[in-house]
Amino acid sequence: MKLPRSIAGWTIAVFGVLALLMGAVGLIWPEALLGMLGLEVPSTRAAGDHTGTFLLASSMASFNMGVYYLLATVTEWRVFYRFTVVFRLVTFTVFTIAVLSDIAPDRFFGVAAWEGLGALATAIGLRVDARRSASGAASADAAR
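Residues numbered from 1 in each chain as written. Predicted model: local features only at pLDDT ≥ 70, side-chain atom pairs only at ≥ 80, totals over all residues. Heavy atoms only, no water.

### Topic: the side chain of Thr84
Mapped onto the secondary structure, Thr84 falls in helix α4 (residues 78-100). The contact partners of Thr84, leaving out residues within four places of it in the chain, are Ile12, Tyr69 and Thr122. (Helix = DSSP H or I, 4+ residues; strand = E, 2+ residues; numbered from the N terminus. Contact = heavy atoms within 4.5 Å.)

Structure representation (structure tokens):
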């Protein structure tokens with residue numbers, strides 16, 4: 001696999017690897033993932049409790065998302081990078097509201113923070129990369 005060629009690419013790669021790994025953990029050892037998120041892991045589940053089914057679906061989505069992010073990194077798909085900034089900020093907002101509304105436990109704010117900080121890191125990376133590209137183009141023009 002190729003290494004990222006930009007700062008923004010590195011932020012996307014890191015998120016992709018972590019999404020892939022967390023998805024794998026949820027598929028292989030769902031109780032561990034629930035514990036990391038600060039969610040209760042009861043010894044038995046009530047009839048009609050579909051937590052396992054939901055966790056399976058969420059973990060598979062996370063695993064797949066990790067693959068998509070890594071593919072975007074390998075191809076340096078910058079439009080995707082910009083797209084993720086917007087939607088990771090939306091995710092940050094929704095998850096933060098869930099914590100503040102007592103829908104999710106306080107520890108779940110770590111997931112929201114991860115999304116928000118990741119979005120900001122990618123946005124900053126995109127900006128730095130654009131400036132480097134612009135100054136590199138200006139230097140090349142001046143050398144001609």
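That shown, we press on.
### A word on the packing of helix α1 (residues 7-28) against helix α3 (residues 51-75)
Geometrically, a packed helix pair is captured by the angle between its two axes and the distance between the axes. Put simply, α1 and α3 touch, their axes get as near as 7 Å, and they point 155 degrees apart. Compared by their axis directions, α1 and α3 come out roughly antiparallel. Crossing angle aside, the handedness with which α1 passes α3 is left-handed. Tallied by class, the residues present in the contact of α1 with α3 amount to 16 nonpolar, 8 polar and no charged. (Axes fitted to C-alpha atoms, helices over the stretch in contact; angles between N-to-C directions. Parallel < 35°, antiparallel > 145°, perpendicular 65-115°, else oblique. Left-handed = near helix turned anticlockwise from the far one by under 90°. Nonpolar A, V, L, I, M, F, W, Y, C, P; charged D, E, K, R; others polar.)

### Considering the layout of surface pockets
Size it by volume and the largest pocket reaches roughly 860 Å³. As for the largest pocket, its lining consists of 29 residues, and the residues nearest its centre are Leu37, Ser62, Phe95, Phe108 and Val111. Considered class by class, the residues forming the lining of the largest pocket number 19 nonpolar, 7 polar and 3 charged. (1 Å grid on protein atoms, 1.4 Å probe; cavity = no way out; pocket = protein on both sides within 12 Å on 5 of 7 lines; lining within 4 Å. Points joined across faces, edges and corners; volume = space filled by probe spheres on them.)

### Description of the packing of aromatic side chains
In the structure shown here, the tally under the stated rule is 7 aromatic pairs. With a centroid separation of 6.1 Å and an interplanar angle of 20 degrees, the aromatic rings of Phe15 and Trp114 are classed as stacked. Within this pair, whereas Phe15 is found in helix α1, its partner Trp114 is found in helix α5 (residues 109-143), the two being separated by 99 residues in sequence. Consider the rings of Tyr69 and Phe80, whose centres lie 5.0 Å apart with planes at 80 degrees: the pair is edge-to-face. Note that Tyr69 is positioned in helix α3 and Phe80 in helix α4, a separation of 11 residues in sequence. A residue is classified by how much of its surface remains accessible, and Tyr69, at 5% relative accessible area, is buried. Each residue in the set Phe15, Tyr69, Trp77, Phe80 and Trp114 is aromatic and connected to the rest through ring pairs, giving one cluster. Taking the ring centre of Phe15 as reference, the NZ or CZ of Arg88 above it sits at 3.7 Å. (Phe/Tyr/Trp six-rings, centres within 6.5 Å; stacked < 30°, edge-to-face > 60°. Buried < 20%, exposed > 50% of the residue type's maximum accessible area, 1.4 Å probe, protein only. Lys NZ or Arg CZ within 6 Å of the ring centre and 35° of its normal.)

### Considerations on the confidence of the model for the protein chain
With 94% of its residues at a pLDDT of 70 or more, the protein chain shows a mean pLDDT of 91. Per-element confidence in the protein chain ranges from a low mean pLDDT of 86 for α5 to a high of 97 for α4. (pLDDT = per-residue confidence, 0-100.)

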